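Residue-level listing of the chains:
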Protein chains: 2
Amino acid sequence: MSGLPAKVNLSEKLALFSEHWSPKIVAEFNGHDIFVVKVKGEFVWHSHAETDDFFLCLSGQVTIQLREGDVLLNPGELFVVPKGVEHCPMAAEEACLLLIEPEGTPNTGNEATATAKIRI
Amino acid sequence: MSGLPAKVNLSEKLALFSEHWSPKIVAEFNGHDIFVVKVKGEFVWHSHAETDDFFLCLSGQVTIQLREGDVLLNPGELFVVPKGVEHCPMAAEEACLLLIEPEGTPNTGNEATATAKIRI
């Protein structure tokens, strides 16, 4: 498959790291990065002025806290936070997610506090 | 959750229809539609001049045939066909996929032969 990207096995990628709240790029799509991430505990309240925020729960349970109320995601459930809407992901136990964001988007909505994203 | 989209349970959406090769819109993200689709048999060889093509296998097995060779996707595996690259999905038995395409993209790469996409 010279010149073409490889297929991505999400479980294999998730087995490569253990840290939480540190999204890893696994593929690219139309100027967006596709990530897997492990989460546990509470993230920070933030919003993205220029992009929607895509969450697909792969394992565990994650709550997307919104000012209007909580959205609980089980495996096989997805939620799109519209751009500009404040949210704060939270997981009592470890959960794994697929995320999609435009290339270069700071995960906290703020360059100064964002986590560097690496390709795995 | 007035004004916000609802979460999407992919299995529940897939239970709403039975036809093959007829993607159903389940969410929107940054000018893209997010689909679930059931596939069985062989699609048509095509390419998209203006967009990458995102495939995530949810159940079953699907082969993304490429001129350079085949990519076999099992559940939890994804593949992005770069824009302009000819491909032809094929599944010996029924498989279910998550797809992402820019709004209005014809699934066959050609308006005249494309399947109408409805929101479920």
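Residue positions are counted from 1 within each chain, in the order its sequence is given. For this description, chains carry letters from A and ligands carry numbers from 1, given in the order in which they are written. Local features in this predicted model are restricted to residues of pLDDT 70 or higher, and side-chain atom pairs are both shown and tallied only at a pLDDT of 80 or more, whereas totals for entire chains, interfaces and linings draw on every residue. Neither water nor hydrogens contribute to the side-chain values; these are computed over all heavy atoms in the structure.

## Overview of the environment of Phe55 of chain A
All names here are of chain A. Mapped onto the elements of the fold, Phe55 is located in strand 4 (residues 53-59). Counting along the chain gives 34 residues from Phe55 to Trp21, while the straight-line C-alpha distance between them is 13 Å. Aside from chain neighbours lying at most four places away, what touches Phe55 is Ile64, Leu73, Glu77, Leu78, Phe79, Val81, His87, Pro89, Leu97, Leu98 and Leu99. Helical segments are the DSSP runs of H or I of at least four residues, strand segments are the runs of E of at least two, and each set is numbered from the N terminus. Here a residue-residue contact requires only that any non-hydrogen atoms of the pair lie within 4.5 Å.

## Considerations on the interface of chain B and chain A
Every contact between the two is made by 38 residues of chain B and, on the other side, 38 residues of chain A. The quantity reported as buried area is the accessible area (1.4 Å probe) lost by two parts once they are put together, taken as the sum for both. Roughly 3,100 Å² of surface becomes buried between chain B and chain A when both sides are summed, with 65% attributable to carbon and sulfur atoms. Salt bridge criterion: a side-chain nitrogen from Lys or Arg within 4 Å of a carboxyl oxygen from Asp or Glu. Put simply, chain B and chain A have two salt bridges between them. We note a salt bridge from Lys7 of chain B to Glu77 of chain A, for which the minimum N-O separation is 2.8 Å. By the criterion applied in these results, polar contacts are pairs of N or O atoms within 3.5 Å in which, for protein atoms, one can donate a hydrogen and the other can accept it, and in which residues neighboring in sequence qualify only through two side-chain atoms. Run the count over chain B and chain A and you get 16 residue pairs in polar contact (both at pLDDT 80 or more). Of all elements in the fold, only strand 1 (8-9), strand 2 (24-29), strand 3 (32-42), strand 4 (53-59), strand 6 (69-73), strand 7 (77-81) and strand 8 (87-102) of chain B reach the threshold of two or more residues within the side of chain B that touches chain A. In the scheme used here, Gly and all other residues not listed as nonpolar or charged are polar, with Ala, Val, Leu, Ile, Met, Phe, Trp, Tyr, Cys and Pro taken as nonpolar and Asp, Glu, Lys and Arg as charged. A per-class count over the side of chain B that touches chain A returns 23 nonpolar, eight polar and seven charged. One requirement defines pairing of two strands: DSSP has to find at least two bridges between them. Summarising the sheet, strand 1 (residues 8-9) of chain A and strand 7 of chain B pair through two bridges and their orientation is antiparallel. In the strand pairing of strand 7 of chain B, Val8 of chain A is matched with Leu78 of chain B.

## Side note on the nonpolar core
Judged by nonpolar contacts, the single largest core of 32 residues is most densely connected at Ile34 and Leu78 of chain A together with Ile34 and Leu78 of chain B. The residues contacting Leu78 of chain A, other than those within four sequence positions of it, are Phe54, Phe55, Leu56 and Leu73 of chain A together with Lys7, Val8, Leu10, Ala27, Ile34 and Leu98 of chain B. Side-chain atoms within 4.5 Å are what join buried Ala, Val, Leu, Ile, Met, Phe, Trp, Tyr and Cys residues into a set we call a nonpolar core. Buried residues are those whose accessible area, probed at 1.4 Å on protein chains only, stays under 20% of the maximum for their type, while exposed residues exceed 50% and partly exposed ones sit between those limits.

## A few points about the confidence of the model for chain A
Interpretation of this model should avoid reading the predicted coordinates in detail wherever pLDDT is low. Think of pLDDT as the predictor's per-residue confidence, scored from 0 to 100. Confidence in the prediction for chain A averages 94 pLDDT; 98% of positions are at 70 or higher. Across the interfaces of the predicted complex, the ipTM metric reaches 0.93, alongside a pTM of 0.94.

## Section: the relation of the copies chain B and chain A
Screw-axis analysis of chain B against chain A gives a translation of 0.0 Å along the axis, an RMSD of 0.0 Å, and a rotation angle of 180°. What the rotation and shift describe, once combined, is the action of a two-fold rotation axis. Residue by residue, 100% of the interface of chain B is reproduced at the interface of chain A, so both copies engage with the same surface. In superposing the copies, a least-squares fit is computed on C-alpha atoms, taking residues whose pLDDT is at least 70 in both.

## Details of the side chain of Thr108 of chain B
Residue and element names in this part refer to chain B. Mapped onto the elements of the fold, Thr108 is located in the loop between strand 8 and strand 9 (118-119). Judged by relative accessible area, Thr108 falls into the buried class, the value being 11%. Polar side-chain contacts of Thr108 include one of 3.0 Å to the backbone oxygen of Asn110. If we skip the residues at most four places from it in the chain, Thr108 touches Phe43, Val44, His46, Thr113 and Ala114.

## Describing the layout of surface pockets
We place a 1 Å grid over just the protein atoms. Points where a 1.4 Å probe fits but has no way out form a cavity, open points with protein on both sides within 12 Å along at least 5 of 7 lines form a pocket, and any residue with an atom within 4 Å of a point lines it. Grid points are joined across faces, edges and corners, and a volume is the space filled by probe spheres set on the points. Of the pockets and cavities examined, the largest pocket occupies roughly 360 Å³. Elements with a contribution of two residues or more to the lining of the largest pocket: helix 1 (10-14) and strand 4 of chain A together with helix 1 (10-14) and strand 4 of chain B. Here the element with the most residues in the lining of the largest pocket is strand 4 of chain B; it accounts for four residues. Looking at the lining of the largest pocket residue by residue, the classes come out as 13 nonpolar, six polar and no charged. Volume-wise, the second largest pocket comes out at about 160 Å³. Lining the second largest pocket are 18 residues, with Pro5, Ala27, Glu28 and Arg119 of chain A together with Val80 of chain B sitting closest to its centre. Residue assignment for the lining of the second largest pocket shows that the elements contributing at least two residues are strand 2 (24-29) of chain A together with strand 7 of chain B. Element by element, the count of residues in the lining of the second largest pocket is highest for strand 2 of chain A, at four residues.

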